[in-house]
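Examining the three-dimensional arrangement
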Amino acid sequence: EDGTYSMQFVVPAVGRWRMKLIVNGTNIAEAAGNQAAFEFNVADGPMRSDGLTLYVDTGNRQPPLACGTASDLIVQVVDEERQLTGKETISMRVTAPSGISSMLSFTMDESRAYVSSQYHWSEVGQFVISATLDGHDVRNSPATIQVSPQTIHLATSAIEWPTSTVCDAGTPTKFTVQAHDSRGNRVQVGGE
């Protein structure tokens, strides 16, 4: 009754949009002395946790990874059309098998498609990596990585002899080798 009109709509994609309003055959913008259409820019809304994914870059190595090696931990934008602004509240945390938990600092790629942090696997066992946006897990988070000992390192390994180091010729004698890697982790499989 008072000549007030309203309209609700959803713009399907980001970009520059033009809207022409015609009421009773009259272009409202022209009638108001403006250009023939209203123009406006539509930007992406805020990033959501399901718009990011956690990725552990192991290079060409297949898990389990060797203790002492490093990997890039990456939080990447899922939609190739979107970018990070640098204002998102992203956090990455790694929990080691011993229970020690570390918050990681990271850097943003120039393309603004991902943030990454290099992490050195310092213990043997299962690590848990979690990445969140505003406290909500991103896709593939939490992730687990199994870390195994490196190859046998003679200087950190031990040999156990029987109580007597005297052996009789022709009589079987036993000794035990406790294999360790260069970090002192017990190697429990294989051997070279």
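These remarks concern the structure in this document. All values derive from a computational prediction rather than experimental measurement.

Considering the sheet that holds strand β10 (residues 107-108)
In spatial order, the strands read β5-β7-β11-β10; together these four strands make up an open sheet with antiparallel pairing. Edge positions in the sheet fall to β5 (52-57) and β10, since each has one partner strand and no second. Relative to strand β7 (residues 70-77), β5 runs antiparallel, the two being bridged by six bridges. Within β7, the residue paired with Y55 across the bridge is I74.

Description of the nonpolar core
One broad trend across soluble globular proteins is that nonpolar side chains are buried collectively. L52, L73, V75, W121 and I129 are the most contacted members of the largest nonpolar core, which has 26 residues in total. Of all elements in the fold, only β5, β7, β8 (90-95), β11 (114-120), β12 (125-133) and β14 (143-148) reach the threshold of two or more residues within this core. For this core, the element with the highest residue contribution is β12, accounting for four residues.

Some words on the pattern of salt bridges
Under the definition given, this model contains one salt bridge. For R48, the salt bridge goes to D50, with nearest N and O atoms at 2.8 Å.

As for the environment of V138
Within the fold, V138 resides in the loop between β13 (136-137) and β14. Relative accessible area serves as the criterion here: at 3%, V138 is assigned to the buried category. With residues up to four places along the chain from it excluded, the contact list for V138 reads S49, L52, T53, L54, A131, T132 and L133.

Description of a nonpolar patch on the surface
Together, I159, W161, F175 and V177 give the surface a local cluster of nonpolar side chains, amounting to about 440 Å² of exposed area. For I159, the location among the structural elements is in strand β15 (residues 158-160).

Digging into the side chain of T53
With respect to the helices, strands and loops of the structure, T53 is situated in strand β5. Among the polar contacts listed, one links the side chain of T53 to the side chain of N140, at a separation of 2.7 Å. Sequence-distant contacts of T53, that is, excluding residues within four places in its chain, are made with I74, V75, Q76, V78, V138, R139 and N140.

Quick word on unusual backbone geometry
With the exception of glycine, the majority of residues adopt a negative phi angle, and the majority of peptide bonds are in the trans configuration. Cis geometry marks the peptide bond from S141 to P142, where omega comes out at 0°. Assignment of secondary structure puts P142 in the loop between β13 and β14. Look at R112: it is not a glycine, yet its phi comes out positive at around 65°. In this fold, R112 is placed in the loop between β10 and β11. Residue R112 is classed as partly exposed on the basis of its relative accessible area of 32%. At N140, a residue that is not glycine, the phi angle is positive and equals roughly 65°.

Examining the side chain of E123
With respect to the element layout, E123 can be found in the loop between β11 and β12. Contacts of E123, omitting those with residues within four sequence positions, involve C67, A96, P97, S98, I100 and V147.

Analysis parameters
Residues numbered from 1 in each chain as written. Predicted model: local features only at pLDDT ≥ 70, side-chain atom pairs only at ≥ 80, totals over all residues. Heavy atoms only, no water. Pairing = 2+ DSSP bridges. Helix = DSSP H or I, 4+ residues; strand = E, 2+ residues; numbered from the N terminus. Core = buried A, V, L, I, M, F, W, Y, C linked by side-chain atoms within 4.5 Å. Buried < 20%, exposed > 50% of the residue type's maximum accessible area, 1.4 Å probe, protein only. Salt bridge = Lys/Arg side-chain N within 4 Å of Asp/Glu carboxyl O. Contact = heavy atoms within 4.5 Å. Patch = residues over 30% accessible without salt bridge, like charges linked within 9 Å, V, L, I, M, F, W, Y side chains within 5 Å. Areas by Shrake-Rupley, 256 points an atom, 1.4 Å probe, with all protein chains shown as cover. Polar contact = N/O pair within 3.5 Å; in protein donor to acceptor, adjacent residues only side chain to side chain.

None of this, on its own, says anything about what the molecule does.
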